[in-house]
Amino acid sequence: MHEMSIAESVLGIVEESARREGFGRVKEVRLEIGRLAAVEVEALRFCFDAVVRGSLAEGARLEIDETPGSAWCFGCSATVPVGARGDPCPACGGFQLQVNGGTGMRVKELLGV
Amino acid sequence: MCTTCGCGSDDVKIDGKAHGHGPEHRHDHDHVHDHDHGHAHGPGCGHDHGHEHGHPLAHEAQPQHAHAAGVAAERAVAVERDILARNDAEANANRRRFTRQGILALNLVSSPGSGKTTLLVETIRRLGGEIPVTVIEGDQQTSNDADRIRATGAKAVQVNTGKGCHLDAHMVGHALEHLAPAEDSVVMIENVGNLVCPAAFDLGEAHKVVVLSVTEGEDKPLKYPDMFTAADLMILNKCDLLPHLDFDVAQCEANARRVNPFIEILHVSATKGGGMEAWLDWIREGAGEARSRRRRSTAETATPPCGTAGGCACAATPRV
């Protein structure tokens, strides 16, 4: 349930950005979460709703863009798409993979008034 | 303290003492504890707020506080910030401290009951002071593990995370202030027993070491791939029990390498001593590297007695 810590970090960034922008309320928060970022998106939504209560982002819509995972395949010498850790290379079926994309977690954008 | 969601940052204790935080750490969600909606008036104030107090967690996203609508135009602003940036910044501060002091820091992760504390106790006992070891113990409750470490004579700090499911870099930074580890030593961080959440949090360690006991399933690396990907070393513990179990060691190793082709693997029995020497050698090698790095960086930044950075003749001249 580390999604709660992540939701708290999101709120920290949202509050800081909202103060800087002079927002009284935040109505939408847009995140980018990699599919290999070890985050359960539905759990994060649940936690986000919980942590923003009483803050200026209470009731804000949470939009999450999921970015695809990718890895360098040592067998193919190429970057290949991967859906989950432990999946084989879709081209050669091997497991000599080093993840190189889809692990990031960012706050992209706020909509506020 | 929130008993529903698993958060517990207000409830973190270091050696039983409250870990004080400023108001910026407040979180006012309401599913267990009281919360503050930020207006001065009470619920009977006579105008519609557009949402119900005491609503369920999965409430509809609606425009809140309709009485303010139309006053200011909505604006979208780009933020573009890493969500874990703060943890990562604190982890880097811990890492700089370790580098500066020549400390090898290891983050031990596993499910509960894999034998992490026994492994640490035996490691400290067998090293016998050859390399000083101090320990940060992470558990939700009790100081039992730190007590077990202290019984070996080693210094230990217990971090109780309350309901928290992992240690973070901030907790470790505070624990280090209490622990005050010596130069050229080893700091062992025993994380909360949990094969999921600790994977995502850098504490500033040189390596995550995942401990898997042979009384667990050999498919654990496939079930919890994030942790086995994050680790540089897997210790297969309780190997003395293998004759009594159906555990398939080769399959377990194949599973671990499937999610992490670069993972090193050691077979150990902390209680009976099998494989312990290889583990101690792995620590010795890492501690040696940390020591050399400190010496190199000390040499690079050394200021001669005259205070002229970059070197001058007086550095090589014996002072009388």
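Just so you know, these numbers come straight off a predicted model, no measurement behind them.

A. Geometry of the overall build of chain B. Broken down by element type, chain B carries eight helices and 10 strands. Within chain B, buried positions represent 39% of all 320 residues. Of the contacts made within chain B by residues no fewer than 6 positions apart, 72% connect residues no fewer than 24 positions apart.

B. Representation of the nonpolar core. V10(A), V14(A) and I189(B) are the most contacted members of the largest nonpolar core, which totals 94 residues. Top element by residues in this core is helix α1 (residues 3-21) of chain A. It accounts for eight residues. The contacts of V14(A), once residues within four sequence positions are left out, are V26(A), V29(A), A57(A), V107(A) and L110(A). A71(A), V80(A), V82(A) and L97(A) belong to the second largest nonpolar core, which has seven residues in total.

C. Region of the structure containing the packing of α1(A) against helix α2 (residues 41-51) of chain A. All names here are of chain A. Direction vectors running N to C along α1 and α2 enclose 50°, while the axes themselves pass 8 Å from each other. By the criterion of interaxial angle, the relationship of α1 to α2 is oblique. Both α1 and α2 take part in a crossing whose hand is right-handed. Contacts from E3, M4, I6, A7, E8, V10 and L11 in α1 reach A43, L44, C47, F48 and V51 in α2. Its residues assigned to classes, the contact of α1 with α2 shows 10 nonpolar, no polar and two charged.

D. Quick peek at helix α1 (residues 85-101) of chain B. Residues and elements named next belong to chain B. With 17 residues, α1 ought to run about 24 Å at 1.5 Å a step, and its terminal C-alpha atoms sit 24 Å apart, in line with that. For α1, the set of buried residues is N87, E90, A91, N94 and F98. Buried positions in α1, seen along its axis, are confined to an arc of 105° and lie on one side of it. Away from its buried face by more than 90 degrees, α1 exposes A89 and R96.

E. Spatial organisation of the pairing of strand β10 (residues 264-267) of chain B. One ladder, built from four bridges, connects strand β9 (residues 233-237) of chain B with β10(B); its direction is parallel. Note on β10(B): the bridge partner recorded for L236(B) is H267(B).

F. Fine view of the environment of H170(B). Residues and elements named next belong to chain B. Considering the arrangement of structural elements, one finds H170 in helix α4 (residues 169-179). For H170, a count of 22 C-beta atoms within 10 Å translates into the label buried. Distance from H170 to N94, taken between C-alpha atoms, is 8.9 Å for residues 76 residues apart in sequence.

G. Unusual backbone geometry, seen in detail. All names here are of chain B. Although it is not a glycine, E80 sits at a positive phi angle of roughly 55°. Within the secondary structure, E80 is located in strand β3 (residues 75-82). Taking the number of C-beta atoms within 10 Å as the measure of exposure, E80 has 11 and is therefore exposed. The backbone of A180 shows a phi angle near 45°, a positive value even though the residue is not glycine.

H. Broad picture of the sheet that holds strand β3 (residues 69-73) of chain A. Residue and element names in this part refer to chain A. Ordered by their spatial adjacency, three strands build an open sheet running β4-β3-β5, and the pairing between neighbours is antiparallel. Bordering the open sheet on either side are β4 (78-82) and β5 (97-101), each of which pairs with just one other strand. Direction aside, the axes of adjacent strands within the sheet are offset by 40° on average. Relative to β4, β3 runs antiparallel, the two being bridged by five bridges. Considered in β4, the bridge of A71 is made with V80.

I. How the structure looks around the pairing of β9(B). Among the five residues of β9(B), four are classified as buried, and the element is accordingly described as predominantly covered. Handedness of the β-α-β unit built from β9(B), helix α7 (residues 249-259) of chain B and β10(B) comes out right-handed.

J. Main features of helix α8 (residues 276-301) of chain B. Residue and element names in this part refer to chain B. Its 26 residues place the ends of α8 37 Å apart at the C-alpha level, agreeing with the 38 Å of an ideal helix rising 1.5 Å per residue. Those residues of α8 lying buried are W279, A287 and A290. Where α8 is buried, its residues meet β4 (104-109), α2 (116-127), β7 (186-190), β9 and β10.

K. Seen up close, the confidence of the model for chain B. All names here are of chain B. For chain B, the mean per-residue pLDDT works out to 82, and 74% of the residues sit at or above 70. Below pLDDT 50 for its whole length, residues 21-69 participates in 59 contacts with residues either more than four positions away or in separate chains. Segment residues 310-320 is flagged for pLDDT under 50; beyond a separation of four residues in sequence, or across chains, it makes nine contacts in the model. At the level of chain-chain contacts, confidence expressed as ipTM amounts to 0.90, with global pTM at 0.80.

L. Molecular detail of the sheet that holds β7(B). Within the open sheet, the nine strands sit side by side as β2-β1-β6-β5-β7-β4-β8-β9-β10 (chain B). Their pairing is mixed. The outermost strands of the open sheet, each flanked by one partner alone, are β2 (17-18) and β10 of chain B.

M. Structural context of the packing of α2(B) against α8(B). Residue and element names in this part refer to chain B. The interhelical angle for the contact between α2 and α8, taken along N-to-C directions, is 75°, at an axis separation of 11 Å. On the basis of the axis angle, α2 is roughly perpendicular to α8. Residues E122, T123, R126 and L127 of α2 form the contact with α8, whose participating residues are M276, W279 and L280. The residue makeup of the contact of α2 with α8, split by class, is four nonpolar, one polar and two charged.

Rules of the game
- Residues numbered from 1 in each chain as written.
- Chains lettered and ligands numbered in written order.
- Predicted model: local features only at pLDDT ≥ 70, side-chain atom pairs only at ≥ 80, totals over all residues.
- Helix = DSSP H or I, 4+ residues; strand = E, 2+ residues; numbered from the N terminus.
- Buried ≥ 20, exposed ≤ 12 C-beta atoms within 10 Å, placed from the backbone.
- Contact = placed C-beta atoms within 7 Å.
- Core = buried A, V, L, I, M, F, W, Y, C linked by C-beta atoms within 7 Å.
- Axes fitted to C-alpha atoms, helices over the stretch in contact; angles between N-to-C directions.
- Parallel < 35°, antiparallel > 145°, perpendicular 65-115°, else oblique.
- Left-handed = near helix turned anticlockwise from the far one by under 90°.
- Nonpolar A, V, L, I, M, F, W, Y, C, P; charged D, E, K, R; others polar.
- Expected span 1.5 Å × (residues − 1).
- Arc of directions from axis to C-beta.
- Pairing = 2+ DSSP bridges.
- Right-handed = clockwise from strand over helix to strand, strands pointing away.
- pLDDT = per-residue confidence, 0-100.

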